[in-house]
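# Topology and contacts: notes
Listed here are the chains, written in short residue letters.
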Amino acid sequence: MTASTHRYLSLGAGVQSSTLLLLAVQGRIPRFDAAIFADTRWEPSTVYGHLNRLTGIAERAGIEVVRVGTGDIRADALDPRHRFASMPLFTLGPNGERGMARRQCTSEYKIKPIKAEVRRRLGYPHPARVPAGVQAEMAIGISLDEIGRARDSDVGYMRNVFPLLDLGWRRTDCVRYLHRQGLGDTPKSSCVGCPYHDDGFWLALRENSPREWADAVAFDHAIRDGSARANAGGHPLRGRFFLHRQRVPLDEVILRPRPQPADVPGCGPWTCPHDEPSTGDTGRGEVA
């Protein structure tokens, strides 16, 4: 295998990946040919605002920030003509069975478009075969406290690297560093309507971002009886779907925020902090 001549950053616009981008801008780690942001088109406005800020910083240093995607995750979920990769929605079966739909959204809307962009930049867009020996480095923002998530790439044309591990940095080190750079308000990357949000997120969204709260509430109501695509196919689904784990309409949930760790990671393409949900629930009709 020849040495990598292409170096990219998987930019989720959260704490760790923002840290890596700034370190590269400052020359403290090798620079990137580009930072790749996989856009689900349903990130909170705070994430897009921060991404715009990072883009300006990076491009002044000669590092391109590119946004890629496979569609609009919210619109696709409600479009009967669209093949939709499942979100991990909470389900309630006809006899009270409680489960979760299978999660495919991270793979479909984050990892897939990043891989496609890397192939394109290497000169071998799908379905072309990438020759052996052609490889890009993909820097991923995994810190020492998350070392268990550091894994090799599952494709030969990408080699995952973890600069924060090389530096011995933890997430708290990244937070302190961002504060020193004037970016202490770096948000967490996640979709507005991610079912993994805790009550603290939902309460903050309701109080501080009424438009996004209304958007999430409307989506929650729209998916109650399954995806539009599934219903249009004439196959009734068993069970009902919800964004909140209480399995009641989002705008009827009594939100009870609980104390959380000081800084919980967001959802990056290779660093979503949530375990895969079970797919064996008998009361589940998947939104797929």
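Fair warning: this is a prediction, and the values are worked out from it, not measured in the lab.

### Observations concerning the overall build of the protein chain
Along the backbone of the protein chain there are nine helices and eight strands. Across the 288 residues that make up the protein chain, the buried fraction comes to 52%. Sequence separation of 24 or more characterises 71% of the internal contacts of the protein chain that already satisfy a separation of 6 or more. With the model as given, the accessible surface of the protein chain reaches about 13500 Å², and the carbon-plus-sulfur share is 50%.

### Some remarks on the sheet that holds strand β3 (residues 64-68)
Across the sheet, five strands lie side by side as β3-β2-β1-β6-β7; this open sheet has parallel pairing. In this open sheet, the two strands that pair with only one neighbour each are β3 and β7 (158-161). Ignoring strand direction, the axes of neighbouring strands in this sheet form an average angle of 30°. As judged from the four bridges shared by strand β1 (residues 6-10) and strand β6 (residues 136-139), these two strands associate in the parallel manner. Bridge pairing in β6 links leucine 9 to alanine 139.

### Here's the deal with the nonpolar core
Of all hydrophobic cores here, the largest spans 28 residues; its most connected members are Leu9, Leu11, Leu21 and Phe32. Mapped by element, the contributors of at least two residues to this core are α1 (15-25), β2 (34-38), α2 (45-60) and α6 (171-180). With six residues, the top contributor of residues to this core is α1. If we ignore the near neighbours within four places in the chain, the residues touching leucine 9 are Ser17, Leu20, Leu21, Phe32, Ala34, Ala35, Ile36, Met138 and Ala139. In this structure, Ile73, Leu205, Ala216 and Phe219 belong to the second largest nonpolar core, which totals 27 residues.

What counts, and at which threshold
Residues numbered from 1 in each chain as written. Predicted model: local features only at pLDDT ≥ 70, side-chain atom pairs only at ≥ 80, totals over all residues. Heavy atoms only, no water. Helix = DSSP H or I, 4+ residues; strand = E, 2+ residues; numbered from the N terminus. Buried < 20%, exposed > 50% of the residue type's maximum accessible area, 1.4 Å probe, protein only. Contact = heavy atoms within 4.5 Å. Areas by Shrake-Rupley, 256 points an atom, 1.4 Å probe, with all protein chains shown as cover. Pairing = 2+ DSSP bridges. Axes fitted to C-alpha atoms, helices over the stretch in contact; angles between N-to-C directions. Core = buried A, V, L, I, M, F, W, Y, C linked by side-chain atoms within 4.5 Å.

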